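In case you want the letters, here they are:
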Amino acid sequence: MATPTPQPYLLQRRPPEKRQRPRRVRSGEGRAGESERINQELLYLRSKLTDLEDRSRRNNIRFLGFPEGIEGTDILSYLRDTLPKLADITFDPPLEFQRAHRLGLKRQNGKDRPRPIIACFFRHGQVRQLLQLSRRQGPLWLGPLEIRLSADFSKETADRRRAFLSLRPRLRHLDVKFGLFEPARMWITKNGESRTFYDPEDLKSFLEGLHDPTQPMKSTTQPPLKTHRTKLGEWANRKLFRTPTEVLLQTPKPGAETWID
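What comes next is a walk through the structure. Not measured: the values here are computed from a predicted model.

On to the overall build of the protein chain. Along its length, the protein chain carries eight helices and 10 strands. Here the protein chain, with 261 residues, has 34% of them falling under the buried criterion. At a minimum sequence separation of 6, the contacts of the protein chain that also span at least 24 residues come to 61%. Accessible surface, the protein chain: about 17800 Å² in total, of which carbon and sulfur atoms supply 51%.

As structure tokens, then:
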């Protein structure tokens, strides 16, 4: 019995059911869902970038008030000799810096406000020691010079902190105790109840419901000591980004509140 001659591979045809390719779904809902997913991923990556930038600035301190040219030609030696006198602290081990310089272009007019000095310390513990002293005492004095110290943050974080600080007069008017913590979160207490806000718009909306200073804070379905997060879509509209641990990968249902311990 003769065996059939096999046909070349290119001449063989597949059955019709195998040649049919699945049709792609190009509905509006599919495109909207894909766009929402991309926006969430972009927002998450931008928040991580902001967090990394803030972490890279943890060892920096900004000094405001040093006159132009007072540091001479060696700004590191000047800070190493001046800061112990300014803070009235004996640092052990001694202060060490990675780098330091003035911010911005050189002032042409001597009457202009002097440029701030930014210094990157070698040890983070000395940074915390100086910043805590500045928070307790306020401005430090070096003879007649008033020197202010501040931590260094990314632009996004600095904008959020500035927005929180703009609400201080309203918080005082409503007799609400508050505190701004790093990198940018506002803690408030009223009538023994506490809440933490990461978004200035959330705090502003919350204060709109507090017309009477004696009125307690609105009750929630969760204990008030837990942290409230806003919807992811609101972040994109306001361009306010949080640390990666605070980023939601899914948008909650409308009207729902999301809490974390």
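At the junction of aspartate 92 and proline 93, the peptide bond is cis and its omega measures out at 5° in the coordinates. Inspection of the secondary structure assignment puts proline 93 in the loop between helix 3 (75-87) and strand 2 (97-102). Note that the residue after glutamate 182, namely proline 183, is joined by a cis bond; omega there is -5°. Residue aspartate 175 is not a glycine yet carries a positive backbone phi of 60°.

Here we come to the sheet that holds strand 6 (residues 177-181). Within the open sheet, the three strands sit side by side as 6-7-8. Their pairing is antiparallel. Among the strands making up the open sheet, the edge pair consists of strand 6 and strand 8 (193-197). Neighbour to neighbour, the strand axes of the sheet diverge by 15° on average, direction disregarded. With five bridges connecting them, strand 7 (residues 185-190) and strand 8 associate as antiparallel partners. Bridged to methionine 186 within strand 8 is phenylalanine 197. Helix-sheet contacts for helix 5 (residues 155-165) involve strand 6, strand 7 and strand 8, and the interaxial angle to strand 6 is about 170°. The strands that helix 7 (residues 200-208) touches are strand 7 and strand 8; relative to strand 8, the one it contacts most, it runs at about 145°.

This brings us to the nonpolar core. Counting residues in each nonpolar core, the largest one holds 27 residues, and the members touching the most others are Phe63, Leu79, Leu83, Phe121 and Leu149. Among the secondary structure elements, those contributing two or more residues to this core are strand 1 (60-64), helix 3, strand 2, strand 3 (117-121), helix 4 (124-137), strand 4 (140-142) and strand 5 (145-151). Here this core takes six residues from helix 3, the largest share from any one element. Residue contacts for leucine 79: discarding those within four places in its chain leaves Pro84, Leu95, Phe97, Ala100, Ile117 and Ala119. Grouped together as the second largest cluster of nonpolar side chains are 12 residues, Leu171, Phe197, Leu207 and Leu210 included.

This brings us to the pairing of strand 8. By the criterion of burial, strand 8 is predominantly enclosed, with four of the five residues buried. Hairpin connection of strand 7 to strand 8: two residues between the antiparallel strands, including asparagine 191 at a positive phi of 55°.

Turning our attention to the environment of glutamate 146. Of note, glutamate 146 is situated in strand 5. For the pair glutamate 146 and leucine 86, spaced 60 residues apart in the sequence, the C-alpha separation amounts to 10.0 Å. Not counting the four nearest positions on each side in its chain, glutamate 146 is found in contact with Leu64, Gly65, Pro139, Leu140 and Trp141. A polar contact is formed between the side chain of glutamate 146 and the side chain of arginine 148, at a distance of 3.0 Å.

Parameters at a glance
Residues numbered from 1 in each chain as written. Predicted model: local features only at pLDDT ≥ 70, side-chain atom pairs only at ≥ 80, totals over all residues. Heavy atoms only, no water. Helix = DSSP H or I, 4+ residues; strand = E, 2+ residues; numbered from the N terminus. Buried < 20%, exposed > 50% of the residue type's maximum accessible area, 1.4 Å probe, protein only. Contact = heavy atoms within 4.5 Å. Areas by Shrake-Rupley, 256 points an atom, 1.4 Å probe, with all protein chains shown as cover. Pairing = 2+ DSSP bridges. Axes fitted to C-alpha atoms, helices over the stretch in contact; angles between N-to-C directions. Core = buried A, V, L, I, M, F, W, Y, C linked by side-chain atoms within 4.5 Å. Polar contact = N/O pair within 3.5 Å; in protein donor to acceptor, adjacent residues only side chain to side chain.

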